[in-house]
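# Inside the fold
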Amino acid sequence: MKWSFKIGRVFDIELRVHITFFLIIVYAAYIWGVGYNQGWPGAVYGAVLISALFVCVVIHELCHSRMAQHYGGEVASITLLPIGGVSLLKNMPDDPKKEFWMTIVGPVSNVIIGILLIPFLYLVPNQVGGAYGAFTNADVLTGISLQGFVSYMLLINFLLAVFNLLPAFPLDGGRVLRSLLARRMSYVAATRAAVTTGQIFAFILGITGLLTGAWLWVIIAVFIYMGAEQEGAGAEMKTVLSRLTVGQAVEDDAKTVDPGQSLSEVVTIVLHAYQEDFPVVDGGKIVGVLTRANLLGGLHSRGPNATVEQVMEKEFPVVDAEARFSEVYEKMNSTGIKAIPVVKNSHLLGMVTLEHLSEVFMLLSSTDDTLTPQA
Ligand SMILES: [Zn+2]
């Protein structure tokens, strides 16, 4: 994710923090220092309070991740945003039951943290109104005190749980809703229903925000609306594409190029073969991939006499002919390379490109998914 920094590694997962988190720390320091008129002590207090919130978000995300790992998935990284995190999962099985448990543990962890904080309300010195006084007295919540701190953390953890359980993608609640619906209908239909629910919800939230001038609600509504759309498209693509193996629909007459060939020679092949991306083969072995972007970039920066080897992708994914098209889609997403060689028994069979993938998708999605057996 853009604008994020690596801060460490836990359980073999890269932990990243989005820049907005630092902005929120600065903002909290400003609010408690200047806004609530408490000077530097207030600023430090505000920063510590938000950092503690940060720890709760980390725990929330790690609960998702540990559960995903438990189910055999791989978690590449977690990027922490102030309202939660974004986990980059690999090889996650689309099993509604597993999705349910993987998702629900996040909000549950915040509820547990909240409950564990309740005894502390009785242990810390109370300023006003007993253990729960802070919830009815704004001065305690906005002041500097242990009671205020514990009350604030408790409130925030319950709010995090409730917010994340709203039935809208990309929030946890959207995933929970889909996993529950998927018990009664197909995964695609469940995703569609959950996406629609999320968008209706976002629409109501946005309109309410506009009418009442609550701009934060409007921002959250836009965020939910777009997230829902993205999730829906991605899930539908994956499900539809998983119905076909690569070997069933690969173009097996893909032209290859040699590492030593000049770019001008490749241009001639492009003009004659209507092929834009090439596997680079040396002595029967695939050594690289030459994409259209590599070719154009190479022609521009190095001229027509440069060799294929100088401009090709040397790090590239490969798929097996037995793999599903959904795997190709995931690999293209995670590597950014839009042309992937297909191998069968370690021999080059052909090439799958993004264009090819979208053709397969359009063809498959125009056939009724109740007629095609689900993979
Ligand atoms: Zn979550």
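Residues numbered from 1 in each chain as written. Predicted model: local features only at pLDDT ≥ 70, side-chain atom pairs only at ≥ 80, totals over all residues. Heavy atoms only, no water.

Each protein donor to the zinc ion is listed here as His60 (NE2), His64 (NE2), Asp172 (OD) and Asp172 (OD); together their distances run 2.0 to 2.6 Å. Its four donor atoms give the zinc ion angles of 55 to 153° at the centre, a pattern that matches the irregular case. Mapping the donors of the zinc ion onto the primary sequence gives the spacing H-x3-H-x107-D. In this pair, histidine 60 is assigned in helix 2 (residues 39-70) and aspartate 172 in helix 6 (residues 172-181), connecting sequence segments 112 residues apart. Take histidine 60 and aspartate 172: they sit in the same class, and that class is buried. (Donors = N, O, S within 2.8 Å, 3.2 Å for Na, K, Ca; no water. Tetrahedral: all angles 85-135°; square planar, octahedral: opposite > 155°, others 65-115°. Helix = DSSP H or I, 4+ residues; strand = E, 2+ residues; numbered from the N terminus. Buried < 20%, exposed > 50% of the residue type's maximum accessible area, 1.4 Å probe, protein only.)

Turning next to the pairing of strand 3 (residues 74-81). In terms of burial, strand 3 is a largely internal element, six of the eight residues being buried. Pairing geometry for strand 2 (residues 13-18) and strand 3, over four bridges, is parallel. Note that in strand 3 the partner of valine 17 across the bridge is leucine 80. (Pairing = 2+ DSSP bridges.)

Scanning the entire structure with this criterion turns up seven aromatic pairs. Aromatic side chains tyrosine 45 and phenylalanine 149 sit 6.2 Å apart centroid to centroid with 75° between the ring planes, which places their arrangement in the edge-to-face category. One end of the pair, tyrosine 45, is in helix 2; the other, phenylalanine 149, is in helix 5 (residues 146-164), with 104 residues separating them in the sequence. Look at phenylalanine 100 and tryptophan 101: their rings are 5.1 Å apart centre to centre, the planes differ by 85°, and that puts the pair in the edge-to-face class. With a relative accessible area of 42%, tryptophan 101 lands in the partly exposed category. An aromatic cluster of three or more residues is present, and its members are Trp32, Tyr36, Tyr45, Phe149 and Tyr152. The ring centre of phenylalanine 100 lies 5.9 Å from the NZ or CZ of arginine 183, which sits over that ring. (Phe/Tyr/Trp six-rings, centres within 6.5 Å; stacked < 30°, edge-to-face > 60°. Lys NZ or Arg CZ within 6 Å of the ring centre and 35° of its normal.)

On to the packing of helix 6 against helix 7 (residues 187-212), then. Interhelical geometry of helix 6 versus helix 7 gives an angle of 140° and a closest axis separation of 8 Å. Overall, the two elements helix 6 and helix 7 adopt an arrangement that is oblique. Every pair of crossing elements has a handedness; the one defined by helix 6 and helix 7 is right-handed. Together, Gly174, Leu177, Arg178 and Leu181 of helix 6 and Tyr187, Ala190, Thr191, Ala193, Ala194 and Thr197 of helix 7 make up the contact between the two elements. Looking at the contact of helix 6 with helix 7 residue by residue, the class counts come to six nonpolar, three polar and one charged. (Axes fitted to C-alpha atoms, helices over the stretch in contact; angles between N-to-C directions. Parallel < 35°, antiparallel > 145°, perpendicular 65-115°, else oblique. Left-handed = near helix turned anticlockwise from the far one by under 90°. Contact = heavy atoms within 4.5 Å. Nonpolar A, V, L, I, M, F, W, Y, C, P; charged D, E, K, R; others polar.)

Under the definition given, this model contains three salt bridges. The salt bridge partner of arginine 9 is aspartate 12, with a shortest N-O separation of 3.4 Å. One salt bridge connects arginine 178 with glutamate 99, and the closest N-O pair in it is separated by 2.6 Å. Of this pair, arginine 178 sits in helix 6 while glutamate 99 is found in helix 3 (residues 96-123), placing the two residues 79 residues apart along the sequence. (Salt bridge = Lys/Arg side-chain N within 4 Å of Asp/Glu carboxyl O.)

This part covers the sheet that holds strand 7 (residues 319-320). Here we have three strands laid out as an open sheet, ordered 7-8-9, and mixed in their pairing. The sheet is open, and its two borders are formed by strand 7 and strand 9 (347-353), each paired with just one other strand. For strand 7 and strand 8 (residues 339-344), the ladder comprises two bridges, and the chain directions are parallel. Bridged to aspartate 320 within strand 8 is valine 343.

Once the domains are mapped, the protein chain shows domain 1 (1-165), domain 2 (166-241) and domain 3 (246-365). Each of domain 2 and domain 3 was reduced to a C-alpha centroid, and the two centroids are 35 Å apart. On the domain 3 side, the residues contacting the six residues of domain 2 number ten residues. Roughly 790 Å² is buried in total at the junction of domain 2 and domain 3, and carbon and sulfur atoms are behind 80% of that figure. Counting the contacts that link domain 2 with domain 3 gives zero salt bridges. (Domains from an automatic or database assignment. Buried area = accessible area lost by both parts, 1.4 Å probe.)

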